[in-house]
Amino acid sequence: MRTWHEIRRFPLAVRLLLVNQLGVNTGFYLLIPYLATHLTENLGLSAALVGVVLGVRNLSQQGLFIIGGSASDRLGARGVIIAGCALRTLGFALFALGDGLAVLLAASVLSGVAGALFNPAVRAYLAQEAGERRAEAFALFNVFATTGALIGPLLGSVLLLVDFRTSALTAAGIFAVLTVAQALVLPAERRAEPSGSGVLGDWREVLGNRAFLAFALAMVGMFTLENQLYLLLPDGARDATGWDGAAGLVFLVGTVANLALQLRITRTLKSSGSRGRWIAVGLAVMGLAFLPPALLPGLAPVLAGALLLYTGVMIAQPFVMELIPGFGRPGLTGTYFGIFYVVSGVTAAVGNAAVGWAMDTGEGGAAWLPWLCCALFGLASALGVTWLHRRGALPAGPAPEAAAPVEQRSRA
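For clarity, every value in this text was computed on a predicted model and none was experimentally measured.

1. Considering the confidence of the model for the protein chain
Of the residues in the protein chain, 94% reach a pLDDT of 70 or more, and the chain-wide mean stands at 87. Counting interchain partners and residues more than four positions distant, the pLDDT-below-50 stretch residues 399–412 has 34 contacts.

Put into structure tokens, the structure is as follows:
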């Protein structure tokens with residue numbers, strides 16, 4: 001009840017963006033986890049072509065976050081969010097309606113570009129409209145995102161009993177509803193005047209911020225370890241039980257913990273101590289989460305590790321999102337988010353490759369190796385953030401004054 005009361009205290013724009021993120025993750029995880037199986041078993045594509053289709057989607061998204069961020073600053077986050085959801089609708093519909101390689105590649109590009117547009121734009125809008133309650137807004141954002149990441153695969157597994165096309169059209173329908181809802185209801189945000197230096201000048205300004213780049217690089221642990229919720233931890237649960245459904249228990253544990261604890265954790269920590277310290281603590285907890293499965297056999301250590309990992313994310317992530325706009329001027333909030341995700345995405349890809357290598361190597365009798373590798377990533381990131389914090393390189397937090405109620409502003 002406290003969570004719902006907290007949601008109602010935010011302006012309409014923030015509430016709509018929270019629901020939007022629930023729908024975004026539901027639609028995404030309803031389709032994407034089952035796409036590779038569809039491409040191989042239903043369409044008969046080779047593993048190499050499947051890798052190309054999936055890789056194009058990921059590259060389109062990760063490589064273009066900076067475009068989405070700049071567009072948010074220059075054109076307004078509202079329009080970029082709507083455009084991103086509309087493109088995701090089209091991309092997922094193409095997955096349902098086409099089976100040729102050209103159509104599949106087009107669908108991958110569109111769905112990837114869509115994510116590159118609305119991901120930084122949503123976070124920039126949320127950061128601006130939440131004002132001094134930015135940390136709580138991102139905590140709730142995490143709750144809605146985690147819930148959608150649980151609902152999506154469950155709904156997708158049911159729809160696949162019909163066929164993949166039904167699943168893909170349902171996902172496209174979710175994004176179509178989100179597009180219309182935002183076009184009709186989402187208010188226009190306040191925008192700072194862009195600089196006269198142009199987009200390239202904005203990029204140079206952000207890339208010249210050494211403290212920000214160091215912070216983004218330090219987040220390699222957070223993004224690498226979050227990805228293990230879909231790789232190492234589900235694999236460990238399946239190995240411990242011999243049951244494919246055990247992987248779902250990892251997400252169930254995390255979702256229940258997130259709903260019960262996220263907002264409480266953020267509100268408690270926000271009032272006691274600096275943001276940098278709590279981010280470092282969260283990253284350390286994320287690293288320590290991989291020690292129970294490394295040291296003990298069975299499902300219980302894996303689920304304990306999942307709970308610790310989710311706890312670390314709940315501690316660190318809202319404050320990470322809260323601090324990013326503080327590295328620069330308000331007119332570059334979207335660009336900062338976009339470049340943050342590009343830098344972190346590239347470094348996390350390297351981290352995931354290292355974990356994958358450790359998983360392959362560990363099959364020869366060193367099953368503990370990938371778990372230890374992840375623990376080291378988390379602890380190294382915690383040390384990096386601690387160093388930045390002690391040097392005074394991290395922003396203190398949002399400005400003390402809250403944003404004006406968005407309902408009072410004109411609609412675009």
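2. Digging into the pattern of salt bridges
In total, this model carries five salt bridges according to the counting rule given. Each member of the salt-bridge network shares a partner with another, and the members are Arg74, Asp202, Glu205 and Arg329.

3. Some details on the packing of helix α2 (residues 12–31) against helix α9 (residues 164–185)
The contact between α2 and α9 brings their axes to 9 Å, and the two run at 165 degrees. On the basis of the axis angle, α2 is roughly antiparallel to α9. Read as a crossing pair, α2 and α9 show a hand that is left-handed. On the side of α2, the interface is formed by Leu12, Leu16, Leu17, Asn20, Gly23, Val24, Thr26, Gly27, Phe28, Leu30 and Leu31, while α9 contributes Phe164, Ser167, Ala168, Thr170, Ala171, Ile174, Phe175, Leu178, Ala181, Gln182 and Val185.

4. Some points on helix α13 (residues 232–241)
What α13 keeps buried is the set Leu232, Leu233, Pro234, Gly236 and Ala237. Where α13 is buried, its residues contact α14 (246–270), α17 (299–323), α18 (333–362) and α19 (369–390).

5. Topic: the packing of aromatic side chains
Applying the stated criterion across every chain yields a total of 15 aromatic pairs. For the pair Phe92 and Phe175, a centre-to-centre distance of 5.5 Å together with 85 degrees between the ring planes defines the contact as edge-to-face. Placement of Phe92 in helix α6 (residues 77–97) and of Phe175 in helix α9 is noted, with a sequence separation of 83 residues between them. You can call Phe175 buried: its relative accessible area is 0%. On the numbers, 6.3 Å between centres and 75 degrees between planes, the contact of Phe138 with Phe141 is edge-to-face. Residue Phe138 and its partner Phe141 are located together in helix α8 (residues 134–159), separated by three residues, close to a single helical turn.

6. What to know about a nonpolar patch on the surface
Together, Leu288, Leu291, Leu295, Leu296, Trp368, Leu372, Leu376 and Leu379 line one region of the surface with nonpolar side chains, adding up to about 750 Å² of accessible area. The set of elements that each furnish at least two residues to the nonpolar patch consists of α16 (291–295) and α19. Element by element, the count of residues in the nonpolar patch is highest for α19, at three residues. Within the fold, Trp368 resides in the loop between α18 and α19. The class for Trp368 is partly exposed, based on a relative accessible area of 43%.

7. Notes on the state of the cysteines
All chains considered together, the criterion is met by zero disulfides. Cys373 supplies the cysteine sulfur nearest to Cys374, a cysteine that is in no disulfide, at a spacing of 5.6 Å. Classification of Cys374 by relative accessible area gives buried; the value is 0%.

Cut-offs applied
Residues numbered from 1 in each chain as written. Predicted model: local features only at pLDDT ≥ 70, side-chain atom pairs only at ≥ 80, totals over all residues. Heavy atoms only, no water. pLDDT = per-residue confidence, 0-100. Contact = heavy atoms within 4.5 Å. Salt bridge = Lys/Arg side-chain N within 4 Å of Asp/Glu carboxyl O. Axes fitted to C-alpha atoms, helices over the stretch in contact; angles between N-to-C directions. Helix = DSSP H or I, 4+ residues; strand = E, 2+ residues; numbered from the N terminus. Parallel < 35°, antiparallel > 145°, perpendicular 65-115°, else oblique. Left-handed = near helix turned anticlockwise from the far one by under 90°. Buried < 20%, exposed > 50% of the residue type's maximum accessible area, 1.4 Å probe, protein only. Phe/Tyr/Trp six-rings, centres within 6.5 Å; stacked < 30°, edge-to-face > 60°. Patch = residues over 30% accessible without salt bridge, like charges linked within 9 Å, V, L, I, M, F, W, Y side chains within 5 Å. Areas by Shrake-Rupley, 256 points an atom, 1.4 Å probe, with all protein chains shown as cover. Disulfide = S-S within 2.5 Å.

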